[in-house]
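Notes for the structure review
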Amino acid sequence: RGRGCRVVLAAHSLGCRVALGACGHAEADGPARAATPSPSAEPPLLDAMLLLGAACDNDALAADGEFPLATVLAQCTSLTIVHAPDDPTLRELWPAAENQRCGRIAPPALGATGLMPEGLLRMYHRPQLQMVTLTDLKEHDPTAYLEAASSAIASAIANASKAPLLAAEPAA
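A brief look at the structure comes next.

Cut-offs and rules
- Per chain, the residues get numbers from 1 upward, laid out in the order the sequence is written.
- Local features in this predicted model are restricted to residues whose pLDDT is 70 or higher, and side-chain atom pairs enter the listing and the counts only when it is 80 or higher, whereas totals over whole chains, interfaces and linings include all residues.
- As a convention, hydrogens and water are excluded, and side-chain values are obtained from all of the structure's heavy atoms.
- Every helix listed is a DSSP run of H or I at least four residues long, and every strand listed is a run of E at least two residues long, numbered separately from the N terminus.
- For the exposure calls, accessible area comes from a 1.4 Å probe over protein chains only, and a residue counts as buried if that area is under 20% of its type's maximum, exposed if over 50%, partly exposed in between.
- The contact criterion used is simple: two residues touch if any of their non-hydrogen atoms lie within 4.5 Å.
- Residue types Ala, Val, Leu, Ile, Met, Phe, Trp, Tyr and Cys, when buried and joined through side-chain atoms within 4.5 Å, form a set referred to as a nonpolar core.
- Only a pair of cysteine sulfur atoms within 2.5 Å counts as a disulfide in this structure description.
- We define a salt bridge as a contact between a side-chain nitrogen of Lys or Arg and a carboxyl oxygen of Asp or Glu at a distance within 4 Å.
- Side-chain atoms alone can form a polar contact between residues adjacent in sequence; in general such a contact is a pair of N or O atoms within 3.5 Å, and within protein one must be able to donate a hydrogen while the other accepts it.

All right, on to the overall build of the protein then. A tally of regular secondary structure across the protein gives seven helices and four strands. Traced from its N-terminal end to its C-terminal end, the protein shows the element sequence β-α-β-α-β-α-α-α-β-α-α. The 172 residues of the protein split such that 41% are buried. Partitioning the contacts of the protein with sequence separation of at least 6, the portion at a separation of at least 24 is 79%.

Moving on, we come to the nonpolar core. Membership of the largest hydrophobic core comes to 22 residues, with the highest contact counts inside it found for Met 49, Leu 61, Val 72 and Leu 79. Among the secondary structure elements, those contributing two or more residues to this core are helix 1 (14–29), strand 2 (48–52), helix 2 (69–75) and strand 3 (79–83). The leading source of residues in this core is helix 1, at four residues. In this structure, Leu 50, Trp 94, Val 132 and Ala 149 belong to the second largest nonpolar core, which totals 19 residues.

Before going further, it helps to spend a moment on the environment of Thr 71. Checked against the element boundaries, Thr 71 lands in helix 2. With 47 residues separating them in the primary sequence, Thr 71 and Gly 24 have C-alpha atoms 6.4 Å apart.

Attention shifts here to the state of the cysteines. Going through the model one piece at a time under the given rule, you end up with zero disulfides. Here Cys 16 is not disulfide-linked; the sulfur of Cys 56 is the nearest cysteine sulfur, at 6.6 Å. The class for Cys 16 is buried, based on a relative accessible area of 0%.

Before going further, it helps to examine the pattern of salt bridges. Under the criterion given, the structure shown has six salt bridges. In this structure, Asp 57 engages Arg 104 in a salt bridge whose closest nitrogen and oxygen atoms are separated by 2.6 Å. In this pair, Asp 57 sits in the loop between strand 2 and helix 2 while Arg 104 sits in the loop between helix 3 (88–102) and helix 4 (110–113), placing the two residues 47 residues apart along the sequence. For Arg 101, the salt bridge identified is with Glu 98, shortest N-O distance 2.8 Å. Within this pair, Arg 101 and its partner Glu 98 are both found in helix 3, separated by three residues, close to a single helical turn. The buried category is assigned to Glu 98, whose relative accessible area is 3%. One network of salt bridges, with partners in common, ties together Asp 57, Glu 98, Arg 101 and Arg 104.

It is worth spelling out the side chain of His 140 at this point. The residue His 140 is located in the loop between strand 4 (129–133) and helix 6 (142–148) in this model. A polar contact of 2.8 Å, which involves the side chain of His 140, links it to the side chain of Ser 13. Ignoring sequence-local partners within four residues, the contact set of His 140 consists of His 12, Ser 13, Gly 53, Asp 87, Thr 89, Leu 90 and Tyr 145.

This is how it looks when you write it as structure tokens:
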């Protein structure tokens, strides 16, 4: 971003876990970014983050979750979570895969239910957070997610393009 470029990160399935984890590492490794930035605060690293069929717990963005929403939103200007209640991979295979991976009974996947519990969405209602439900999607293919959510994705990218750019860094 320091060279005057826009950064939009789209992730699918387990890639969403990687993207969310990277936000936490950037927070820990980089300059402090407040959840509600002051005018002098460092700008977010990402103009937009799109999570498509996220294979992580549906409560992972809770304040005590694996990827607290305040930390994620401090790193991106906008966050769009695209979920599909009828995605068979997330509905049927996610719990078994998590049990196999780490021996736990996992809550439903974020990519199947969206933010849960219901109160989480109300509690974390922020203008930069958008939820998109794909009611007709019945597969876990990333292309299907992109096609089905194309208008929401285009909107997120368009909104990101309205954010001010960082000043270009001087050449070394």
